[in-house]
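Chain by chain, the residues run as shown.
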Amino acid sequence: MKKTMIMLCLALVSWGANAQHDHAAHGAQTSSQTMEPMFKDKALGSSYTHYIHLKNALVASDFQQAKSASESLVKALHNVKGSDKVHIEAAKVAQAGSLENQRKAFTALSNEMATLVKGADISMGELYLEYCPMANGNTGGYWLSNEKEIRNPYFGDKMLKCGSVKETIN
């Protein structure tokens, strides 16, 4: 009987430790999820969402998805006041004939988009201005992101984590 009780106690302690471990892992997963920032100007918010889709397509090195996202961004920017420069740069990405050219055009687009969102009212959340010094032949390149974790659109999986957060915008 003593052996059975000891085994039962060990089993319960082991199960309790495992359950606590699982709970801790679950908490880590939910805390790493980020929420897309919300803008008071809904048209700008929609445009920013298309910009993020474009950035993610470049991270994935997906030419067709980047083309589609940039075309959607061009359309969405028609409704954003003061977005003329961003619109011009987004059109250059949409017209690029290769992934390499999309990435080159993405630099100017990101610079203009950063200027636009810095002047906007963000009603909830925050976004990050990130930078890779090795982009564009070591001249560097910025991009916007919803996460602090670096996902480099200039190199994709070749140098996925190259870069750093330069500014938090909220």
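Rules and cut-offs
- Per chain, the residues get numbers from 1 upward, laid out in the order the sequence is written.
- Given that this is a predicted model, residues contribute local features only at a pLDDT of at least 70 and side-chain atom pairs are listed and counted only at 80 or more, while totals for whole chains, interfaces and linings are drawn from all residues.
- Neither water nor hydrogens contribute to the side-chain values; these are computed over all heavy atoms in the structure.
- We place a 1 Å grid over just the protein atoms. Points where a 1.4 Å probe fits but has no way out form a cavity, open points with protein on both sides within 12 Å along at least 5 of 7 lines form a pocket, and any residue with an atom within 4 Å of a point lines it.
- Grid points are joined across faces, edges and corners, and a volume is the space filled by probe spheres set on the points.
- Per the convention used, a helix needs a DSSP run of H or I reaching at least four residues, while a strand needs a run of E reaching at least two, with both numbered from the N terminus.
- In this classification, the charged set is Asp, Glu, Lys and Arg, the nonpolar set is Ala, Val, Leu, Ile, Met, Phe, Trp, Tyr, Cys and Pro, and all remaining amino acids, among them Gly, are polar.
- Here, any two strands with at least 2 DSSP bridges between them count as paired.
- Only the stretch in contact is used when a helix axis is fitted, and all axes are lines through C-alpha atoms; the angle between N-to-C directions ranges over 0 to 180 degrees.
- The definition of a nonpolar core used throughout is a set of buried Ala, Val, Leu, Ile, Met, Phe, Trp, Tyr and Cys residues joined through side-chain atoms within 4.5 Å.
- Throughout, exposure labels follow a simple rule: accessible area from a 1.4 Å probe, protein chains only, divided by the maximum for the residue type, with under 20% read as buried, over 50% as exposed, and the rest as partly exposed.
- The contact criterion used throughout is that any non-hydrogen atoms of two residues lie within 4.5 Å.
- The term polar contact refers here to a pair of N or O atoms within 3.5 Å; inside protein, the definition further demands a hydrogen-donor-capable atom paired with an acceptor-capable atom, and it admits residues adjacent in sequence only when both atoms are side-chain atoms.
- Pairing of aromatic side chains here covers Phe, Tyr and the six-membered ring of Trp, requires ring centres within 6.5 Å, and sorts the geometry by plane angle: under 30 degrees stacked, over 60 edge-to-face, intermediate tilted.
- Per-residue confidence from the predictor is reported as pLDDT, a score between 0 and 100.

**Side note on the layout of surface pockets**
To find leftover empty space, one rolls a probe the size of a water molecule over the atoms.
Moving on, step 1. In this model, the largest pocket occupies a volume close to 180 Å³.
Moving on, step 2. Lining the largest pocket, in full, are E100, R103, K104, A135, N136, G137, Y154, F155 and K158.
Moving on, step 3. Only α5 (99–118) and α6 (135–138) provide two or more residues apiece to the lining of the largest pocket.
Moving on, step 4. For the lining of the largest pocket, the class distribution of residues is 3 nonpolar, 2 polar and 4 charged.

**As for the sheet that holds strand β5 (residues 164–169)**
Moving on, step 1. Taken in spatial order, the 3 strands make up an open sheet running β4-β3-β5, and their pairing is antiparallel. The sheet is open, and its two borders are formed by β4 (141–145) and β5, each paired with just one other strand. The mean angle between the axes of side-by-side strands here comes to 25 degrees, regardless of whether they run parallel or antiparallel.
Moving on, step 2. Bridge analysis of strand β3 (residues 127–132) against β4 gives 5 bridges, and the strand direction is antiparallel. In the sheet register, Y128 faces β4, and the bridge partner there is S145.

**Remarks on the nonpolar core**
Moving on, step 1. Ranked by internal contacts, the top residues of the largest apolar core, which has 39 residues, are Y48, Y51, L109 and L144.
Moving on, step 2. Put simply, the parts of the chain that give this core at least two residues each are α2 (42–59), α3 (63–77), α4 (84–95), α5, β3 and β4.
Moving on, step 3. Setting aside residues no more than four positions away along its own chain, L109 makes contact with Y51, L54, L73, V86, E89, A90 and V93.

**Quick notes on the environment of H78**
Moving on, step 1. In this fold, H78 is placed in the loop between α3 and α4.
Moving on, step 2. Remark: the alpha-carbon pair of H78 and A43, spanning 35 residues in sequence, is separated by 8.8 Å.
Moving on, step 3. A polar contact is formed between the side chain of H78 and the side chain of H87, at a distance of 3.5 Å.

**Structural notes on the packing of aromatic side chains**
Moving on, step 1. Per the counting criterion, the structure on display carries 6 aromatic pairs.
Moving on, step 2. With a centroid separation of 5.9 Å and 70 degrees between ring planes, the pair formed by W143 and Y154 is classed as edge-to-face. Within this pair, whereas W143 is found in strand β4, its partner Y154 is found in the loop between β4 and β5, the two being separated by 11 residues in sequence.
Moving on, step 3. Judged by relative accessible area, W143 falls into the buried class, the value being 0%.
Moving on, step 4. Among the aromatic residues, ring-to-ring pairing joins F39, Y48, Y51, F106, W143 and Y154 into one connected group.

**Here's the deal with unusual backbone geometry**
Moving on, step 1. Phi at N136 takes a positive value of approximately 55 degrees, unusual for a residue other than glycine.
Moving on, step 2. The topology assignment puts N136 in helix α6.
Moving on, step 3. Classification of N136 by relative accessible area gives partly exposed; the value is 29%.
Moving on, step 4. At N138, a residue that is not glycine, the phi angle is positive and equals roughly 70 degrees.
Moving on, step 5. Turning to its location among the elements, N138 is positioned in helix α6.

**Some thoughts on the confidence of the model for the protein**
Moving on, step 1. In this model, the protein carries a mean pLDDT of 85, and residues with pLDDT of at least 70 account for 80%.
Moving on, step 2. Contacts from residues 7–32, a stretch scored under 50 in pLDDT, to residues over four places away or in other chains number 0 contacts.

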